[in-house]
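Residue-level listing of the chains:
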Amino acid sequence: MGTSCDLFCRVVDNLGDAGVCWRLARQLASEHGWAMRLWIDDPAPLVGLRPGVDAALPVQVVEGVEIRRWPKEFPKVAPGDVVIEAFGCELPAAFVAVMAMQEKAPVWINLEYLSAEDWVAGCHCKPSPHPKLSLTKYFFFPGFVPGTGGLIRERDLPSPQPLVAGRELVVSLFCYDNPALPALLKAWAESDTLVSCRVADGLPRQQVERWLGRAFPVGASLCRGSLKLDALPFVPQPEYDRLLADSDLNFVRGEDSFVRAQWAERPFVWQAYPQADGAHWPKLESFLGRYGRALPKARRTTMTDFCLAWNGRGDVAAAWDAFRQTLPALTEHGHAWAAEIACHGNLAENLVRFCRERL
Ligand code: TRH
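Residues numbered from 1 in each chain as written. Predicted model: local features only at pLDDT ≥ 70, side-chain atom pairs only at ≥ 80, totals over all residues. Heavy atoms only, no water.

Can you lay out the nonpolar core for me, pointing to particular residues and giving the numbers?
Within the largest apolar cluster, 66 residues are counted, with the highest numbers of intra-cluster contacts made by Trp 188, Leu 229, Phe 251, Phe 287 and Trp 310. Here the element with the most residues in this core is helix α10 (residues 297–310); it accounts for 6 residues. Taken together, domain 1 (4–150 + 344–356) and domain 2 (169–342) each give at least three residues to this core, which thus spans both. Those residues in contact with Phe 287 that sit more than four places away from it in its chain are Ala 116, Phe 144, Phe 258, Gln 262, Phe 268, Trp 270 and Trp 337. If you look at the next biggest cluster of nonpolar residues, it comprises 38 residues, including Ile 67, Leu 111, Ile 152 and Leu 351. (Core = buried A, V, L, I, M, F, W, Y, C linked by side-chain atoms within 4.5 Å. Buried < 20%, exposed > 50% of the residue type's maximum accessible area, 1.4 Å probe, protein only. Helix = DSSP H or I, 4+ residues; strand = E, 2+ residues; numbered from the N terminus. Domains from an automatic or database assignment. Contact = heavy atoms within 4.5 Å.)

Could you give me a rundown of helix α7 (residues 237–245), with the residues and numbers involved?
Buried within α7 we find Gln 237, Tyr 240, Asp 241, Leu 243, Leu 244 and Ala 245. The inward-facing, buried residues of α7 abut α1 (16–32), α2 (44–49), β9 (169–173), β10 (195–199), β13 (249–253) and α8 (256–263).

Tell me about the side chain of Gln 27, and name the residues and values.
Looking at where Gln 27 falls in the secondary structure, it is placed in helix α1. Gln 27 gets classed as buried once you look at its relative accessible area, which sits at 0%. Those residues in contact with Gln 27 that lie beyond four places of it in its chain are His 32, Ile 152, Arg 153, Glu 154, Asn 346 and Ala 348.

Outline the state of the cysteines, supporting the account with residue identities and numerical values.
Note: disulfide means a covalent bond formed between the sulfur atoms of two cysteine side chains. According to the stated counting rule, one finds 0 disulfides in the structure shown. Residue Cys 307 stays outside any disulfide, its sulfur separated by 13 Å from that of Cys 175, the closest cysteine. Here Cys 307 falls in the buried class, since its relative accessible area comes to 2%. Between Cys 343, a free cysteine, and Cys 125, which holds the nearest cysteine sulfur, the sulfur-to-sulfur gap is 19 Å. For Cys 343, a relative accessible area of 62% gives the class exposed. (Disulfide = S-S within 2.5 Å.)

This is the structure in structure tokens:
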């Protein structure tokens, strides 16, 4: 009998919660043969990420994953051998009670947010006994270094394309509302090299529309000086991965697109999910520190200055020219970085190994 698994996902906002859970469910099913049941409180974001999903259905099977709407009144179901609670989404109390009644309790995993901070390796796989029931929950941290759970990385990643020298600079843009964007668009429009910017649907397209002061619907293309703008439709996850691998520079955000940009082995600029208490700053700084460690100091400073400016500390327009000059070196660095972070195994295989030892 193969391993069965219940993966719980609550959509807090945007697309990352659904995006991460879908990738993981799909990979555990297709590469490890796990019988996956994905409980999601709002299946709507999955429709864009994986066309074929029907948000109206309470139960459906897509790519070998049983997708179940997570209802308020939770049904009486037997738990799988493994139960994954994504991002501390809090399992239904009735389900936890049934978990505790099993002859052999399921392996209960809390899948945490990704962070490059130093404390992560020390907390990865730490057990947390339930205060009342005979159940233990384990904290599973994705990460960039040995001793963490690694990163989601499927076998069927698109391979990075060789760069075509001398053409325009091809950029993909996926960000939150970003106060730095208008200044960067202006710098691109006024630059002496052509920039072709593929604007993701949603917040980026809407912000570009405001900057243009005119309609910029999906499918539209227009030029401002040296800048060519294309309004992309929302594409399925594999096509988004392809887009990253085919661009010279990617602006990404949150968690999942941030990871994908690293597998695309291209220079990228990350907008961390902004948090009111500023908790995103240590995340950003620790990542930049790790990612930039192997770069010569001057390049590291240029890369760091631009990324900090994109997140609100500094002037992106002033930092752009120097950053642009470092892109060939950052492309080289992207290959080495991807090889380094792939060394620690991927999240699904690390999770499978951890669970197997406890099943
Ligand atoms: O959407 P995000 O900002 O997601 C999140 C959420 O804010 C979440 O609450 C937070 O916890 C987390 O970030 C850190 O960004 P992210 O994580 O990059 O997710 C976007 C997903 O959308 C990712 O799976 C890629 C996918 N995508 C497509 O499939 N097609 C597209 O055209 C685009 C633009 C994105």
